[in-house]
Amino acid sequence: MKELKTLKEKGLLRDIKDRESSQGKAIIIKGREYINFASNDYLGLSSHPKVIEGAKKAFERFGGGGGASRLLSGGTVLHEELESLIADFKGTEKALIFNSGYSLNTGVIPSISNESDAIFSDELNHASIIDGCKLSRAKKYIYRHKDTEHLKELIKDVKAEKKIVITDGVFSMDGDIAPIKDICRLCKDEGAMLYIDDAHATGVLGRGKGTLEHFGIKPEPWIIQMGTLSKALGSFGAFVAGSCDLIEWLINTSRSFIFSTSLPPSVIGASIEAIKIIKKDISLIDNLWANRNKLAQALNESGFNTGKTETPIIPMMMKDIESTIKLSSELMQKGIYAPSIRPPTVKTPRIRLTVTASHTDEDIEILLRALKDFTF
Ligand code: PMP
């Protein structure tokens, strides 16, 4: 295939490297162990004994798959329990589970907007938001990354029935945090709704509660928060948290919720335990931040360009695709898994490091030593 050949020539061909081990800070690929700096399992919860036990118990009680969509007998009392736990944790009236963050963003965004509305989206928002916006029939306006002045210029001139500002809370490839305080103020002034994607903020920012809590802002009916259960919570799926009316509307209109088989009870059982863990004890979150600060500081002192990171997502910006691939494969030879991220996912090629609560000082030292040997 000609197109595939072109991708290969440009160094843009992707490949899959499957694990033979559980997820975590150490993984085994083709019989070799690697220190993993590529996982979003920020708190190491995917292999936490209580999370595994939660999945096992649910599996034994309810069996394997959901068997049908939630509206057609696919849900269990565990689904309901998880939604109540999330609503309580997030301080909202209600919450609703979707099968993944991707299916949530492509289901909720078209549900809350139509051709009379306008969506304002940060230029670095996640692909699932971009696709959700494409599916919605609203007019789209892209504002420069985190640039609230640009957002203001765009939003004040637009006439629409409803205006919705959409932003990642933590940006997945750069690790910086959206200026939610300023955005909230602007939304209030303009009577706009705010939609926050907390995929990478859940379990990480604001004692695990996400970006709003990080900025000390209370949830309001015009703010919609989504988060994923697949990253810091070590399970799978996603949730949207908001008002009773919002959740009822989504149950009745969101196509990815209505027309897809519900998540298996074992996954829900794991999520319930994960939420309970971070609700009760923030020591894992403290460990995560201690490791994050250690690594970010050491990389900066060694002269690496880590962009604007403020979180456990730490990109190392590279000058071109070739050197990015070279560094990634040299690290792999040294037993470190840190894959390259290239266009079109990002404009500037990079190694996207993610540090977790499970990494030890020694893991971080090994990475830093390996990086010192690399000639850029
Ligand atoms: N939003 C953001 C910001 C993400 O980074 C991701 C996943 N990479 C998603 C949504 C999609 O979530 P999921 O992996 O659960 O589909």
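Being a predicted model, the structure only gives us computed values, none of them experimental. (Residues numbered from 1 in each chain as written. Predicted model: local features only at pLDDT ≥ 70, side-chain atom pairs only at ≥ 80, totals over all residues. Heavy atoms only, no water.)

Student: Help me understand the overall build of the protein chain in this model?
Tutor: Scanning the protein chain from terminus to terminus reveals 14 helices and 13 strands. Computed over the C-alpha atoms, the radius of gyration of the protein chain is 21 Å, within 12% of the 21 Å expected from 2.2 N^0.38 for a compact globule of 376 residues. C-alpha extents for the protein chain along the principal axes are approximately 55 × 55 × 50 Å. For the protein chain, with 376 residues in total, the buried portion stands at 54%. Nonlocal contacts in the protein chain, meaning residues at least 24 apart in sequence, comprise 70% of its contacts between residues at least 6 apart. Summed over all atoms, the accessible surface of the protein chain reaches about 17,500 Å², with 52% contributed by carbon and sulfur. Taking the average location of the 51 positive side-chain charges in the protein chain and that of its 49 negative ones, the two points are 2 Å from each other. (Helix = DSSP H or I, 4+ residues; strand = E, 2+ residues; numbered from the N terminus. Rg over C-alpha atoms; globule rule 2.2 N^0.38 Å. Buried < 20%, exposed > 50% of the residue type's maximum accessible area, 1.4 Å probe, protein only. Contact = heavy atoms within 4.5 Å. Areas by Shrake-Rupley, 256 points an atom, 1.4 Å probe, with all protein chains shown as cover. Lys, Arg positive; Asp, Glu negative; His and termini not counted. Charge placed at Lys NZ, Arg CZ, Asp CG, Glu CD.)

Student: So what exactly am I meant to see when it comes to the packing of aromatic side chains here?
Tutor: Tallying each qualifying case throughout the model produces two aromatic pairs. Between phenylalanine 98 and phenylalanine 257, the ring centres sit 5.7 Å apart and the planes meet at 55 degrees, which makes this aromatic pair tilted. Residue phenylalanine 98 is found in strand β3 (residues 94–98), and its partner phenylalanine 257 is found in helix α10 (residues 255–258); the two are separated by 159 residues along the sequence. In this structure, phenylalanine 98 and phenylalanine 257 share a single accessibility class: buried. Relative to tyrosine 141, the ring of phenylalanine 120 has its centre 5.1 Å away and its plane inclined at 15 degrees; by these criteria the two rings are stacked. With phenylalanine 120 in strand β4 (residues 118–122) and tyrosine 141 in strand β5 (residues 139–143), the pair connects residues that are 21 residues apart, well separated along the chain. (Phe/Tyr/Trp six-rings, centres within 6.5 Å; stacked < 30°, edge-to-face > 60°.)

Student: Can you walk me through the sheet that holds strand β7 (residues 193–197) in this structure?
Tutor: Hydrogen bonds between backbone atoms are what pair the strands of a sheet, whose relative direction is either parallel or antiparallel. Read across the sheet, seven strands follow the order β3-β9-β8-β7-β6-β4-β5 without closing on themselves; strand pairing throughout is mixed. The sheet terminates laterally at β3 and β5, the two strands that pair on one side only. Shown here is a sheet whose adjacent strand axes are inclined to one another by a mean of 20 degrees, direction ignored. Sheet topology note: the strand β8 (residues 223–228)/strand β9 (residues 238–242) ladder contains four bridges and is antiparallel. Counterpart to methionine 226 in the pairing with β9 is valine 240. (Pairing = 2+ DSSP bridges. Axes fitted to C-alpha atoms, helices over the stretch in contact; angles between N-to-C directions.)

Student: Would you mind showing me how to read the sheet that holds strand β12 (residues 340–341) here?
Tutor: Taken together, the three strands give an open sheet; going across it, the order is β10-β13-β12, and neighbouring strands pair in antiparallel fashion. Since the sheet does not close on itself, it has two edges, and those belong to β10 (313–317) and β12, each with one partner. Contacts between helix α13 (residues 321–333) and the sheet are confined to β10, β12 and β13 (350–354), with β13 contributing the most and set at about 40 degrees to the helix.

Student: Please explain the nonpolar core as it appears in this structure.
Tutor: One finds Leu43, Leu45, Leu82, Ile86, Leu233 and Ile268 to be the most contacted residues of the largest nonpolar core, which totals 36 residues. Of all the elements in the fold, those that place two or more residues in this core are α2 (49–62), α3 (77–90), β3, β9, α11 (265–280) and α12 (283–301). A per-element tally of this core places α11 first, with eight residues. Not counting residues within four places of it along the chain, the set of residues in contact with leucine 43 comprises Gly203, Ala232, Ile278, Leu284, Ile285, Leu288, Ala357 and Ser358. (Core = buried A, V, L, I, M, F, W, Y, C linked by side-chain atoms within 4.5 Å.)

Student: Help me understand unusual backbone geometry, please; the structure alone is not making it clear to me.
Tutor: Glycine aside, residues mostly have negative phi, and peptide bonds are mostly found in the trans state. Put simply, proline 343 and proline 344 share a cis peptide bond, and its omega is 10 degrees. Examined against the element boundaries, proline 344 turns out to sit in the loop between β12 and β13. Non-glycine residue lysine 30 carries a positive phi angle of around 45 degrees. Mapped onto the elements of the fold, lysine 30 is located in the loop between β1 (26–29) and β2 (32–36). Here lysine 146, not a glycine, exhibits a phi torsion of approximately 60 degrees, which is positive. Examined against the element boundaries, lysine 146 turns out to sit in the loop between β5 and α6 (148–157).

Student: Teacher, can you tell me more about the packing of α2 against α11 here?
Tutor: Packed helices, taken two at a time, are described by the angle between their axes plus the distance between the axes. The contact between α2 and α11 brings their axes to 7 Å, and the two run at 145 degrees. Crossing hand, α2 versus α11: right-handed. For the pair formed by α2 and α11, the contact residues are Lys50, Val51, Gly54, Ala55, Ala58, Phe59 and Phe62 on the first element and Pro265, Ser266, Gly269, Ala270, Glu273, Ala274, Ile277 and Lys280 on the second. Of the residues contributing to the contact of α2 with α11, the split by class is nine nonpolar, three polar and three charged. (Left-handed = near helix turned anticlockwise from the far one by under 90°. Nonpolar A, V, L, I, M, F, W, Y, C, P; charged D, E, K, R; others polar.)

Student: Explanation requested: α13 in the structure shown.
Tutor: One turn of the α-helix equals 3.6 residues, which is why residues spaced by three or four share an orientation. With 13 residues, α13 extends 18 Å from end C-alpha to end C-alpha; this agrees with the ideal 18 Å at 1.5 Å per step. Glycine 335 lies just past α13 and shows a positive phi near 85 degrees. (Expected span 1.5 Å × (residues − 1).)

Student: Explanation requested: the layout of surface pockets in the structure shown.
Tutor: Where empty space is left becomes clear once a probe the size of a water molecule has been rolled over the atoms. For the second largest pocket, the calculated volume is near 200 Å³. Sorting the residues of the lining of the second largest pocket by element identifies α3, β3 and α9 (244–253) as the ones contributing at least two each. Taken together, the residues of the lining of the second largest pocket sort by class into six nonpolar, one polar and five charged. (1 Å grid on protein atoms, 1.4 Å probe; cavity = no way out; pocket = protein on both sides within 12 Å on 5 of 7 lines; lining within 4 Å. Points joined across faces, edges and corners; volume = space filled by probe spheres on them.)

Student: Looking at this model, I keep getting lost on the packing of α3 against α11. Mind explaining?
Tutor: For the pair α3 and α11, interaxial distance at closest approach is 9 Å and the crossing angle is 25 degrees. With respect to each other, α3 and α11 are oriented roughly parallel. Crossing handedness for the pair α3 and α11: left-handed. Facing α3, whose interface residues are Leu78, His79, Glu81, Leu82, Leu85, Ile86, Asp88 and Phe89, α11 presents Pro265, Ile268, Gly269, Ser271, Ile272, Ile275, Lys276, Ile278 and Lys279. (Parallel < 35°, antiparallel > 145°, perpendicular 65-115°, else oblique.)

It is worth stressing that arrangement in space is one thing and function is another; only the former is reported here.
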